[in-house]
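Chain by chain, the residues run as shown.
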Amino acid sequence: MKTLLRIAAVAASVFFTTATATAQSTVTSTAAPQQRLANGSDWTNASVEERRAFLFGIANAISVGIGWDERHVPAGQTTYARRIGAGLSGISLGESMRRIDAWYAANPGKLETPVVTVMWLEIAKPKLKSAK
């Protein structure tokens, strides 16, 4: 459990770093060290409580990102937090967990895929496309 929670904290940190850098258009000349994100191996080895905690942490990180955007980014400007927030709105943690479980079960050769990538590609992005 501690490992998945640490990875969730790193994922949230990466999310905020990326969102802040994008919003402020900050470009640095040195590359940051690559952060490890929770992937399918972590997900499939985690307990239900660990998975729920991971999704809860990601949901909170997205909420904080949306709040930051509301205060610092013009309303018409698209940000990652706003897009994924819209794509995940109305989807429960339980439904997200079921969809992620199903994706990794259907794609056992893709356990290296980060959980947040599966969330985007299999839950948020399709919902955004159908809303157009």
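Residue positions within a chain follow its written sequence, with the count starting from 1. In keeping with the predicted nature of the model, local features appear solely for residues at pLDDT of at least 70, side-chain atom pairs appear and are counted solely at 80 or more, and the whole-chain, interface and lining totals rest on all residues. The side-chain values count all of the structure's non-hydrogen atoms but skip hydrogen atoms and water molecules.

Visitor: Please provide a residue-by-residue account of the overall build of the protein chain, values included.
Guide: Comment: elements are numbered from the N terminus, with helices defined as DSSP H or I runs of at least four residues and strands as E runs of at least two. When helices and strands are tallied, the protein chain shows six helices and zero strands. Of the regular secondary structure in the protein chain, the N- to C-terminal order runs α-α-α-α-α-α. Of all 132 residues assigned to the protein chain, the portion counted as buried reaches 33%. Whether two residues touch is decided by their heavy atoms; if any such pair falls within 4.5 Å, the residues are in contact. Pairs at least 24 apart in sequence give 67% of the contacts found in the protein chain among residues at least 6 apart. Only protein chains enter the accessibility calculation, which uses a 1.4 Å probe. A residue is then buried if its area is under 20% of the maximum for its type, exposed if over 50%, and partly exposed in between.

Visitor: So, helix α6 (residues 115-131): which residues are in play, and what are the values?
Guide: The end-to-end C-alpha separation of α6 is 23 Å, in line with the 24 Å expected for 17 residues at 1.5 Å each. Fitting one axis to the seven residues ending at a residue and another to the seven starting there, the bend at that residue is the angle between the two axes. At A124, α6 shows its strongest bend, of approximately 35 degrees, with the proline P126 following within four residues. Of all the residues in α6, the buried ones are V115, V118, M119, W120, I123, A124 and L128. Tucked into the core, α6 has its buried residues touching α2 (40-45), α3 (48-72), α4 (80-88) and α5 (93-106). To estimate the expected span of a helix, subtract one from its residue number and multiply by 1.5 Å.

Visitor: So what's going on with the environment of P126? Residues and values would help.
Guide: Position of P126 among the secondary structure elements: in helix α6. Measuring from C-alpha to C-alpha, the distance between P126 and G87 comes to 7.8 Å, with 39 residues separating the pair along the chain. The residues touching P126, leaving out its near neighbours within four places in the chain, are W120 and L121.

Visitor: Any details on a positive patch on the surface? Residues and values, ideally.
Guide: In this analysis, a patch consists of residues with relative accessible area above 30% that form no salt bridge, clustered at 9 Å for like charges and at 5 Å for the nonpolar side chains Val, Leu, Ile, Met, Phe, Trp and Tyr. Accessibility throughout is a Shrake-Rupley quantity obtained with a 1.4 Å probe, and a residue counts as covered only by protein chains that appear here. Whenever a carboxyl oxygen of Asp or Glu lies within 4 Å of a side-chain nitrogen of Lys or Arg, that contact is scored as a salt bridge. As used throughout, the charge tally considers Lys and Arg to be positive and Asp and Glu to be negative, leaving His and the chain termini uncounted. A charged residue contributes its charge at one atom only: NZ of Lys, CZ of Arg, CG of Asp or CD of Glu. Residues R83, K125, K129 and K132 make up a contiguous surface patch of positive charge. On the secondary structure map, R83 appears in helix α4. Judged by its relative accessible area of 32%, R83 falls in the partly exposed class.

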